[in-house]
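# Survey of secondary and tertiary structure
Listed below, chain by chain, are the residues.
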Amino acid sequence: MSTRWEQIALDTVGEGYAAAYAERFRRLAEDGAEVHGEATFAASLVPPPARALDAGCGTGRIAVRLHELGYDVVGVDLDASMVAEARAAAPDLDWRVADLATFDLGAVFDLVVVAGNTIPLLDEGTLAAACDRLGAHTARGGVLVTGFGLDAAHLPGDCPVTPLPEVDAAMAAAGLAAGERHATWTGDRFDDGGYVVATYRRVP
Ligand SMILES: C[S@@+](CC[C@H](N)C(=O)[O-])C[C@H]1O[C@@H](n2cnc3c(N)ncnc32)[C@H](O)[C@@H]1O
């Protein structure tokens, strides 16, 4: 059975969606667009050197940038075709194909980044389990930062909205206390709009 992400990617892009995803960001970078907003913002929360987990790493854009900034990075994603693109782009980095709802790396990280709508793209009924696993991989005093759409205009395809209070509750149950939130990865004030960048800190 395909995952929510795979279904949406096949419906909206078709076969070869992983290569198309990587290519889109390569082109944007070549054209001079800023494609490292998430990594830059994450680095302002927990400066390098530090251990970083890119959870739902996709084709590896953020993990590669975190590595360039000086983090010891692991990238995890359930979609093998997305991870294959990441591995091709950066063969020396640590990439894992695993489900955030069940993964266990036997390690903790000072910084956990869950970007690119990975939270609403989790399969139905798996938010609590994924947050539990993310909490288990966040070091004491460590920070998790996630960014995702809160309305249809900020979500891909027919991806359903995962309300922020539900995410906050699942994170809290996993030992991750809600912190500051913003409207963008450049730190604009959150105004209850259609996109949120939310931070959580691991409590002992
Ligand atoms: C839109 S992509 C974003 C990729 C990357 N974070 C970025 O911003 O470029 C969302 C990713 O979340 C991943 N994802 C969704 N559910 C997942 C799960 N349960 N475990 C691991 N990865 C998951 C998908 O496979 C997909 O690669």
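None of these values were measured; they are calculated from a predicted model.

### Digging into unusual backbone geometry
- Following proline 48, the chain continues into proline 49 via a peptide bond in cis, with omega recorded as 0°.
- Relative to the assigned elements, proline 49 resides in the loop between α3 (37–45) and β1 (51–55).
- Located in the positive-phi region is aspartate 192, a residue other than glycine, with phi close to 60°.
- Within the secondary structure, aspartate 192 sits in the loop between β6 (176–182) and β7 (195–202).
- A residue is classified by how much of its surface remains accessible, and aspartate 192, at 67% relative accessible area, is exposed.

### Notes on the site of the ligand
- Around the ligand, the structure places 19 residues, and the nearest of them are Gly56, Arg61, Asp77, Asp99 and Leu100.
- Within the contact set of the ligand, an oxygen atom lies 3.0 Å away from a side-chain nitrogen or oxygen of tyrosine 21.
- For the ligand, an oxygen atom lies 3.2 Å from a polar atom in the side chain of threonine 118.
- At a threshold of 2 Å from the grid points, most atoms of the ligand map onto the largest pocket.
- At the level of secondary structure, the elements contributing two or more residues to the shell around the ligand comprise α4 (61–69) and α6 (118–121).
- For the shell around the ligand, the residue count by class is 11 nonpolar, 4 polar and 4 charged.

### Describing α3
- Every buried residue of α3 is listed here: Gly37, Glu38, Ala39, Phe41, Ala42 and Ala43.
- Looking at the buried side of α3, the elements it contacts are α4, β4 (109–114), β5 (138–149), β6 and β7.

### Thoughts on the packing of aromatic side chains
- The tally for this structure, following the rule as stated, stands at 4 aromatic pairs.
- The interplanar angle of 85° and the centroid separation of 5.9 Å between the aromatic rings of phenylalanine 41 and tryptophan 185 together place this pair among those described as edge-to-face. Within this pair, whereas phenylalanine 41 is found in helix α3, its partner tryptophan 185 is found in the loop between β6 and β7, the two being separated by 144 residues in sequence. The same class applies to phenylalanine 41 and to tryptophan 185, which are both buried.
- Ring pairs connect the aromatic residues Trp5, Tyr17, Tyr21 and Phe25, which therefore count as one cluster.
- Across the ring face of tyrosine 21, the terminal group of arginine 24 is positioned such that the distance to the ring centre comes to 5.4 Å.
- Here the guanidinium or amino end of arginine 61 rests over the ring plane of phenylalanine 25, the centre of that ring lying 4.1 Å away.

### A short note on the side chain of aspartate 79
- Assignment of secondary structure puts aspartate 79 in the loop between β2 (72–77) and α5 (80–89).
- Side chain to side chain, aspartate 79 and tryptophan 5 meet in a polar contact 3.3 Å long.
- Ignoring anything within four residues of it in the chain, the contact list for aspartate 79 reads Trp5 and Tyr17.

### Concerning the pattern of salt bridges
- Counted by the stated rule, this structure contains 8 salt bridges.
- For the salt bridge of glutamate 23 with arginine 26, the shortest nitrogen-to-oxygen distance reads 3.1 Å. With glutamate 23 and arginine 26 both in helix α2 (residues 17–30) and 3 residues apart, the pair spans about one turn of that helix.
- Residue glutamate 23 is classed as partly exposed on the basis of its relative accessible area of 28%.
- Close ionic contact of aspartate 110 with arginine 51 constitutes a salt bridge, the shortest N to O distance being 2.9 Å. On the criterion of sequence distance, the pair formed by aspartate 110 in strand β4 and arginine 51 in strand β1 is long-range, its members being 59 residues apart.
- Each of the salt bridges in this network shares a partner with another, and the network as a whole consists of Glu23, Arg26 and Arg27.

Cut-offs and rules
Residues numbered from 1 in each chain as written. Predicted model: local features only at pLDDT ≥ 70, side-chain atom pairs only at ≥ 80, totals over all residues. Heavy atoms only, no water. Helix = DSSP H or I, 4+ residues; strand = E, 2+ residues; numbered from the N terminus. Buried < 20%, exposed > 50% of the residue type's maximum accessible area, 1.4 Å probe, protein only. Near = heavy atom within 4 Å. Polar contact = N/O pair within 3.5 Å; in protein donor to acceptor, adjacent residues only side chain to side chain. 1 Å grid on protein atoms, 1.4 Å probe; cavity = no way out; pocket = protein on both sides within 12 Å on 5 of 7 lines; lining within 4 Å. Sits in = over half its atoms within 2 Å of the grid points. Nonpolar A, V, L, I, M, F, W, Y, C, P; charged D, E, K, R; others polar. Contact = heavy atoms within 4.5 Å. Phe/Tyr/Trp six-rings, centres within 6.5 Å; stacked < 30°, edge-to-face > 60°. Lys NZ or Arg CZ within 6 Å of the ring centre and 35° of its normal. Salt bridge = Lys/Arg side-chain N within 4 Å of Asp/Glu carboxyl O.

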